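Structure at a glance
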Number of protein chains: 2
Amino acid sequence: MSDEGRRLDPEDWNTFRRDFHELLDTCIDRMQAARDLPWQPKPADMADKVAIGQSGNDSKDVFVRVVNDIMPYATGNTHPRFFGWVHGAGLPVSVAAEMVAATMNSNLGGRDHGAVEVERAVINWLCKLSGLPETAFGILTSGTSQATIIALSAARVRLFGDVRKTGIGNLPAMRVYIAEGGHSCVAKALEVMGHGSDAVVTIALNDQGQMDLNSLADSVAHDQARGIVPLAVVGTAGSVNTGIYDPLNALADFCTDNNLWLHCDAAFGFWSVLADKPWGDLANGIHRADSIATDFHKWLGVPYDCGACLIADRDLHRDTFASRPEYLVGQADGLAGGELWFCDYGIELSRGFKALKVWTAIEALGTDAIGAAITDNCKQAALMGQLAEQSSVLALVQPVVSNLCCFTINHGLPADIAARLQLSGEAVFSTTTLAGRPCMRAAIVNHRTTSDDIHIAMAAVEREVLNSR
Amino acid sequence: MSDEGRRLDPEDWNTFRRDFHELLDTCIDRMQAARDLPWQPKPADMADKVAIGQSGNDSKDVFVRVVNDIMPYATGNTHPRFFGWVHGAGLPVSVAAEMVAATMNSNLGGRDHGAVEVERAVINWLCKLSGLPETAFGILTSGTSQATIIALSAARVRLFGDVRKTGIGNLPAMRVYIAEGGHSCVAKALEVMGHGSDAVVTIALNDQGQMDLNSLADSVAHDQARGIVPLAVVGTAGSVNTGIYDPLNALADFCTDNNLWLHCDAAFGFWSVLADKPWGDLANGIHRADSIATDFHKWLGVPYDCGACLIADRDLHRDTFASRPEYLVGQADGLAGGELWFCDYGIELSRGFKALKVWTAIEALGTDAIGAAITDNCKQAALMGQLAEQSSVLALVQPVVSNLCCFTINHGLPADIAARLQLSGEAVFSTTTLAGRPCMRAAIVNHRTTSDDIHIAMAAVEREVLNSR
């Protein structure tokens, strides 16, 4: 056991310190140059280059490989003309927080320590921002997918108190109602939860692209008449294809009248609450939801991954997940103390210190600056919509309401044009199909984006469309 | 829009660079001094100190608050005499990787980029290490809790192909068999999945503290005779209370004969495969499992959080989770390309770059050095067991087989003594109840621990026990 106790820490801390600082400089260089570093295809032999060997290597050599062989081939969402899917742009100040969190290596599943207070502060702040009642609380998650499972699990426990013990096998069938174009994470949650994707009821849209309330009422009544139990109505705050917000106040009225759970899928759309009007009003009514799912890694720019689930009834939330085997029983004093163990509010018993990157972002940047960046993104999406309307080869599919813009092209296929622009490094659009028409799709959630970027990207699209004739 | 595009990045990169380097020095100082930094109670006013305000602050000031008000109050698991629960100790080289991962800000849910190749490399390496067949693959998770949901979901799809669509409502009841003292994450998974905790069947232990095969066979036969379907048998590799390993080869024989899914809960115990004999043989037979759940953040020391789910049948794994709405449809070229989208293998659509901290750890340290540290921990647990046996005031509850040691005390209560030692900063034990007797419990998963630490900790325990007379 001669070298026990020090094998996996650096042999020479001074060398390690020097190499780490050098690596940090490379990271800062990269963040500073984000504007000049679009996505680039990874080399064909990358899999070979990163295959894991047997024996250890000098950490300096490993850092060099990280810098040369891995770092350049990131997803590209740090670039200001990355508009594909919904990818947050990353905040440098939160990179520093991630380094600290890894240094502390706290386990946020439970026990009495400082990191728990930071997560509590983040959740309290988010509850207040959302306008939920004083009874609300929540938990940080890997993202909205996990948050949706947590929220719908709480809805299920509210309906059937014994479900944790006895399962859903002998219960009536349940349904979740969501507008056409609502997010697939709801179906995935219901698959995992044992209800199956058939439990999703898709509700038609009204002429503004929102969930149609009459159709919702008809569907719920139809199901209830058949003995089917409505588990939840999902109101979407920011549809993934159109950026449209369901009428959350009207949904809340309906859910209150019918004693239904209102879950709000606000993965990116939540953050419009920080924007100037009119965008700041898009999510009005969200404070009346029974649960809210949102992501910090999208519009807020906190590095991947980090989302949250808020639940208006904290006791119900706890009752949905709390369980402590013998070896986790709490105590009055010491590490086993503390009244807040986050394992009682979610799926995981071991949990990382995601809260610090959120806390650091909000404390360092402030909600005013973040709100201004979000407002800019909405203005940029509106500008993109105007440019599409003015173009002779592009056409807007529907009015831009928030930070998303989808448009059709006169010549060529959106997928081909998106791929060409990605490969050229000019801009990243993704594609979708709206009303049967293939579209170019841009979701603008990047604080580095400027209106110049919108002009550059749209000019590149027009050029490629014209070249496709 | 005068300052659009730069609000949330540093105003002055040189200042930010300087402050970040200073923060890094503090982090390295902390890692280097891990031996002198035990857990300490957080101050009573911590919640007030970290409450989130409205307005932004200079990032330097925020870093100072992180260093002064948050960092000292970590969970304490970086300290070499932290033996509580099962908390990994943290690897400095992986702290560097976390900084790089946050800089890249890659989303590992899908798309064609380099980070995916790193996760593929980690999964391939882990599959090879586990000895699973060539058909195996997997996914990184937040930990074993999530991995268990993924594994049991795959088991469910193998049994009932339509379950993703139609749910479990019309299916027969299912059961999962696990030895007494098996981990609570299995019950939690079954709650989330809609089966309820009643679906857990606890199997008695044999005289070596392992799952008793006759009892298992009886339970399965009894259930099948009643029309209940066995969903899976869970073999535990490293019980959370005793460190005991179920006889995995015998379980695999039984499961093969009866066409049952064998899931292996190897949260920390997996890593004994890297240890010298006899510990290196503890998990023999794990290569025959249908699924394996393990954590990188425990015995491997990768910073929180990171686990993995391996599934022997990759196609089944994919069939359990794959689904792509319109806006995620893949393409031949560009970012929307790539044949491996990890969202098809798990619950989450947005996923962080956890793989890099694992990759960096393995590449920099090598499996030999990691295995030597793991071997040391097993020797240290054996030493702790000897000291307990030799003590006039302590008694070993059962033989130490791996890295876990539980012992009773003659005077006082384990919870009180554990709390006193935590508060004094001398050592962190947790507590549990074994065979009705309250015990001190130590799980040694820390590469910084030495045999001296074991002597110091046990002397402190004896002193406190004697003081309790």
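Residues numbered from 1 in each chain as written. Chains lettered and ligands numbered in written order. Predicted model: local features only at pLDDT ≥ 70, side-chain atom pairs only at ≥ 80, totals over all residues. Heavy atoms only, no water.

1. With respect to the interface of chain B and chain A
Selection rule: Any pair of residues with heavy atoms lying within 4.5 Å of one another is described as a contacting pair. Each of two parts loses accessible area, computed with a 1.4 Å probe, when they are put together; buried area is these two losses added. Throughout this description, the term salt bridge denotes a Lys or Arg side-chain nitrogen within 4 Å of a carboxyl oxygen of Asp or Glu. By the criterion applied in these results, polar contacts are pairs of N or O atoms within 3.5 Å in which, for protein atoms, one can donate a hydrogen and the other can accept it, and in which residues neighboring in sequence qualify only through two side-chain atoms. Secondary structure follows DSSP: runs of H or I at least 4 residues long count as helices, runs of E at least 2 residues long count as strands, and numbering of each begins at the N terminus.
Taken together, the contact pairs 158 residues of chain B with 158 residues of chain A. Here chain B packs against chain A, burying approximately 14,300 Å² in sum over the two surfaces, 61% of which is carbon and sulfur. Per-residue buried area on chain B facing chain A is highest for Leu8(B), Ile52(B) and Tyr327(B); these three make up 6% of the total on that side. For the pair chain B and chain A, the number of links is 18 salt bridges. A salt bridge links Asp9(A) to Arg448(B), with the nearest nitrogen and oxygen atoms 2.7 Å apart. For the interface between chain B and chain A, the tally reads 73 residue pairs in polar contact (both at pLDDT 80 or more). The element contributing the most residues to the side of chain B that touches chain A is helix H12 (residues 355–390) of chain B, with 16 residues.

2. Regarding H12(B)
Residue and element names in this part refer to chain B. This is how the line gets drawn: Multiplying 1.5 Å by the helix residue count minus one yields the expected span of that helix. At any given residue, the bend is defined as the angle formed between two axes, one fitted to the seven residues that end at that position and one fitted to the seven that begin there. Between buried and exposed lies partly exposed: a residue is buried under 20% and exposed over 50% of the maximum accessible area for its type, with that area taken using a 1.4 Å probe on protein chains only.
Given a rise of 1.5 Å per residue, 36 residues ought to cover 52 Å, yet the end C-alpha atoms of H12 are separated by just 44 Å, more than 12% below that figure. Of all the bends found along H12, the most pronounced is centred on Gly366 and spans about 90 degrees. Of all 36 residues that make up H12, 29 are buried, and the element is covered over most of its length.

3. Looking at the packing of helix H1 (residues 13–32) of chain A against helix H3 (residues 59–70) of chain A
All names here are of chain A. Just so we agree on the cut-off: Every axis in this analysis is a line fitted to C-alpha atoms, fitted for helices over the stretch in contact. Angles between the N-to-C directions lie between 0 and 180 degrees. Under this scheme an angle from 65 to 115 degrees is roughly perpendicular, one under 35 degrees roughly parallel, and one over 145 degrees roughly antiparallel; angles in between are oblique. For this classification, Asp, Glu, Lys and Arg are treated as charged, while Ala, Val, Leu, Ile, Met, Phe, Trp, Tyr, Cys and Pro are nonpolar and the rest, including Gly, are polar.
As a packed pair, H1 and H3 sit with axes 10 Å apart at the nearest point and diverge in direction by 10 degrees. In terms of axis orientation, H1 runs roughly parallel to H3. For the pair H1 and H3, contact is made by Phe16, Asp19, Phe20, Glu22, Leu23 and Thr26 and by Ser59, Lys60, Phe63 and Val67, respectively. By residue class, the composition of the contact of H1 with H3 is 5 nonpolar, 2 polar and 3 charged.

4. Looking at the relation of the copies chain B and chain A
Which entries qualify depends on this criterion: The copies were overlaid with a least-squares fit restricted to C-alpha atoms from residues scoring a pLDDT of at least 70 in each copy.
Once turned by 180 degrees and shifted 0.0 Å along the axis, chain B lies on chain A with an RMSD of 0.0 Å. The transformation just described matches what one would write down for a two-fold rotation axis. When C-alpha positions in chain B are compared against the rotation axis, the closest is assigned to Met193(B), at 2.1 Å. Interface overlap between copies: 100% of the residues of chain B at the interface are likewise at the interface in chain A, consistent with a symmetric, same-surface contact.

5. Concerning the sheet that holds strand S1 (residues 137–141) of chain A
Residue and element names in this part refer to chain A. Worth spelling out the cut-off: Strands were regarded as paired on the criterion that DSSP finds at least two bridges between them.
Taking strand neighbours across the sheet as the criterion, the 7 strands line up as S1-S7-S6-S5-S4-S2-S3 in an open arrangement whose pairing is mixed. Looking at strand neighbours, the two that pair on one side only are S1 and strand S3 (200–203), the edges of this open sheet. Across this sheet, the average inter-strand angle for adjacent strands is 20 degrees, counted without regard to direction. Relative to S3, strand S2 (residues 174–179) runs parallel, the two being bridged by 4 bridges. For Val176, the partnering residue across the bridge sits in S3 and is Val200.

6. Let's talk about the packing of aromatic side chains
Keep this limit in mind: Between the rings of Phe, Tyr and Trp (Trp by its six-membered ring), a pair exists once the centres lie within 6.5 Å; its type follows the angle of the planes, with under 30 degrees stacked, over 60 edge-to-face, and the other angles tilted. Here, a charge over a ring is recorded when the distance from Lys NZ or Arg CZ to the ring centre is within 6 Å and its angle to the ring normal is within 35 degrees.
Tallied over the entire structure, the rule returns 26 aromatic pairs over all chains. Ring geometry for Trp271(B) against Phe296(B): centres 5.4 Å apart, planes inclined by 45 degrees, an arrangement best described as tilted. Taken together, the residues Trp271(B) in the loop between strand S5 (262–265) and strand S6 (291–295) and Phe296(B) in the loop between S6 and strand S7 (307–311) connect sequence positions 25 residues apart. An identical accessibility class is assigned to Trp271(B) and Phe296(B); each is buried. Clustering of aromatic rings is evident, with ring pairs tying together Trp13(A), Phe16(A), Phe20(A) and Phe63(A). One residue, Arg111(A), lies across the ring of Trp85(B), its end atom 4.8 Å from the ring centre.

Without other data, these values stay purely geometric and don't point to any function.
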